[in-house]
Amino acid sequence: MPMVRFDGVSKSYPGGKEALSKVSFELARGEFAFLTGHSGAGKSTLLKLMLQMERPSKGQVFVDGDCVNTMKSSLVPLLRRKVGVVFQNHQLLFDRSVYDNVAMPLLIAGYQPAEAARRVRAALDSVGLLGFERRNPIELSGGEQQRVGIARAVVNKPQLLLADEPTGNLDPELSEEIMKLFLRFQQVGVTVLIATHDIPLIERMGHRRLILDHGSLHDSGGQRAGFERGDHVRT
Amino acid sequence: MSAPDSPKRQTANAPRKPQVGASTHKVSLKDQLNGWAQQHQLVAVETLMRLLTKPLGSIMTWLVIAISLTLPGAMWMTLDNLSQLSNRFQASGSMSVYLKPAVQDTQAQQLLSCIESMDGVADVRFISADDALAEFRASSGLGEALDLLPENPLPGVIVVEPELALPQQDVIALADSLRSEPRVDSVELDTAWLDRLHALLALSERIVWVMGALLALGILLVVGNTIRLSIAARVDEIRVTKLVGATNAWVRRPFLYTGLWFGMVGGLVSWILLAIGWALVSGPVEDLAALYGSEYRLLPLSAGAALVLLLGAMLLGWLGAWWSVVRHLHRIEP
Ligand SMILES: Nc1ncnc2c1ncn2[C@@H]1O[C@H](COP(=O)(O)OP(=O)(O)OP(=O)(O)O)[C@@H](O)[C@H]1O
Ligand SMILES: [Mg+2]
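The structure contained in this document is the topic of the report that follows. (Residues numbered from 1 in each chain as written. Chains lettered and ligands numbered in written order. Predicted model: local features only at pLDDT ≥ 70, side-chain atom pairs only at ≥ 80, totals over all residues. Heavy atoms only, no water.)

Details of the overall build of chain A
Link 1 in the chain: Scanning chain A from N- to C-terminus turns up seven helices and ten strands.
Link 2 in the chain: Against the compact-globule benchmark of 18 Å for 235 residues, chain A has a radius of gyration of 17 Å, which places it among compact chains.
Link 3 in the chain: Taking the contacts inside chain A whose residues are at least 6 apart along the sequence as the reference set, 65% of them involve residues at least 24 apart.
Link 4 in the chain: As displayed, chain A has an accessible area near 9,400 Å², and 48% of this comes from carbon and sulfur atoms.
Link 5 in the chain: Put simply, chain A has 30 plus and 26 minus side-chain charges, and the middle of one group is 6 Å from the middle of the other. (Helix = DSSP H or I, 4+ residues; strand = E, 2+ residues; numbered from the N terminus. Rg over C-alpha atoms; globule rule 2.2 N^0.38 Å. Contact = heavy atoms within 4.5 Å. Areas by Shrake-Rupley, 256 points an atom, 1.4 Å probe, with all protein chains shown as cover. Lys, Arg positive; Asp, Glu negative; His and termini not counted. Charge placed at Lys NZ, Arg CZ, Asp CG, Glu CD.)

Here it is, written out as structure tokens:
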């Protein structure tokens, strides 16, 4: 059973044109893939469908074998607990400490405080922010905030990790470091899908690429080079 | 940066769990229940602390709740006291025992001492037919006209004062037993005005209930509105928590507790207001009662009523919060 399966998925927003059209692909368990495409190609939309933040107009989305678009709303929280997400606007809460931000998924899942504390430390350690627990995220740099967001996404040991522009606004060095961090999660078995504009970085790293172009998907299938932004490759 | 599986983390806690897969690190049911109870406790304490440490934002809400509770509370207390008083009046309701015309004064005196020895009788007084006529003559000014009557039309009367503490049904039983005396023509209980007082009290009670219901509605609206504002202030937080897997119940919880605490604080403040009101009024009432030779003391709100007030306020706060949460929370989705 693949971790993620899209089955002829189309999505049109009310009043808008089609953001995704007939998208089909699978992500195997433990796979690492990039999702690229021009601005407005539908990358964020595709990620949102996996969390039932949006529902497809046509087709079906499966995560871990469960059909997401027909899922009862009472089950959606459980789905979201096994999917970690990192957003471009890292969605941190500035009225609480780094620790409280990262611990939030654990509190929600009902962990004991001691176990939660252990996991928060481990997650912060894995993104190189051990010792930042008591800081307020607003005092941190953009890259540090981004990493707090990643720590929060992985603290509950998700099976699937989604990231939307996790390296936006970061310098190349830090971007690469963050990508390596995602790779490490893949190495311990997490399925990772990263939406990004950063073509040079993707080129350097290799890996499978899903390319969106005006809502249509082109799957590189493996390590194919030569796709630049705006290259409209059709099969 | 160290890898997610770095040895550093292994030192933190003994047996390492597998890194991946929700199924492999599921929380046990017992832990879940514990966590759930802990969550409630945490949220309860947190929301209470938030209210108490930052009272400025919600002090208006407390006061509105407190005043809305104090009004019916005070009326309730007043009614309680009035019905207490009316019970005393009931007990002191005297009765007039009219004797048959044929009864001689000596027979009447016998009956008098017989009644005097009955249970529950405090005092008896005999007014003979002649005395009654003389009294009537003096008070009516019909002297000469009355002389024209062939005989005295008035019966002799025995006025019976039951004991002060005698309950009303015993007073009625006493009247009934007197009625069955062969020498007694009729017995009249002086209760018409009491009936009127009771009807009035019943009406006032109804008014208190209606007013209470309206003010309860007011409390619902005030709490609902305050919760709506605090939901609006925490939209980002709600989005993020839902995104990382918070259930609706989890998101609702702090708001419901906040409503509950609003009710509780409002109820306690209204206790204080009622106590102050009682203290202000009870002195003068005792002075007034003393002027009438009574030792009547103003009763404070009974413990039961006070408890109902507090619990009712908490329930209303909770309901107001629920109403607001149901209306506004579902619109906030990540
Ligand atoms: N909530 C929405 N309502 C209406 N249209 C939307 C909405 N969200 C996205 N769209 C439209 O859907 C299309 C795809 O948007 P999406 O955000 O998925 O693109 P993207 O690939 O993530 O772009 P970017 O790289 O700029 O983030 C765009 O044309 C966008 O205008
Ligand atoms: Mg986007």
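So much for the structure itself; the text now carries on.
Here's the deal with the side chain of Thr45 of chain A
Link 1 in the chain: Following the sequence through the fold, Thr45 of chain A ends up in helix α1 (residues 43–49).
Link 2 in the chain: Ignoring sequence-local partners within four residues, the contact set of Thr45 of chain A consists of Lys11, Tyr13, Ala19 and Leu20 of chain A.

Looking at the pattern of salt bridges
Link 1 in the chain: A complete count under the given rule lists 18 salt bridges over all chains for this structure.
Link 2 in the chain: The salt bridge involving Glu31 of chain A is made with Arg208 of chain A; its shortest N-O contact spans 2.8 Å. Residue Glu31 of chain A is located in the loop between β2 (18–27) and β3 (32–37), and its partner Arg208 of chain A is located in strand β9 (residues 208–213); the two are separated by 177 residues in the primary sequence. Of the two residues, Glu31 of chain A and Arg208 of chain A, both sit in the buried class.
Link 3 in the chain: The partner of Glu237 of chain B in a salt bridge is Arg234 of chain B, with the nearest N and O atoms 3.1 Å apart. Note on accessibility: Glu237 of chain B and Arg234 of chain B belong to one class, buried. (Salt bridge = Lys/Arg side-chain N within 4 Å of Asp/Glu carboxyl O. Buried < 20%, exposed > 50% of the residue type's maximum accessible area, 1.4 Å probe, protein only.)

Details of the packing of aromatic side chains
Link 1 in the chain: Under the definition given, this model contains five aromatic pairs over all chains.
Link 2 in the chain: Seen in terms of ring centroids, Phe6 of chain A and Phe25 of chain A are 4.8 Å apart; in terms of plane orientation they differ by 20°. Their pairing is stacked. Of the two residues, Phe6 of chain A sits in strand β1 (residues 4–12) while Phe25 of chain A sits in strand β2, which places them 19 residues apart along the sequence. Side by side, Phe6 of chain A and Phe25 of chain A carry an identical accessibility label, which is buried.
Link 3 in the chain: Relative to Trp209 of chain B, the ring of Trp76 of chain B lies with its centre 5.8 Å away and its plane at 65°, an arrangement referred to as edge-to-face. With Trp76 of chain B in helix α3 (residues 59–91) and Trp209 of chain B in helix α8 (residues 192–233), the pair connects residues that are 133 residues apart, well separated along the chain.
Link 4 in the chain: We classify Trp76 of chain B as partly exposed; its relative accessible area is 27%.
Link 5 in the chain: Judged by relative accessible area, which is 57%, Trp209 of chain B ranks as exposed.
Link 6 in the chain: Above the face of the Tyr13 of chain A ring, Lys11 of chain A is positioned so that its terminal group lies 5.1 Å from the ring centre. (Phe/Tyr/Trp six-rings, centres within 6.5 Å; stacked < 30°, edge-to-face > 60°. Lys NZ or Arg CZ within 6 Å of the ring centre and 35° of its normal.)

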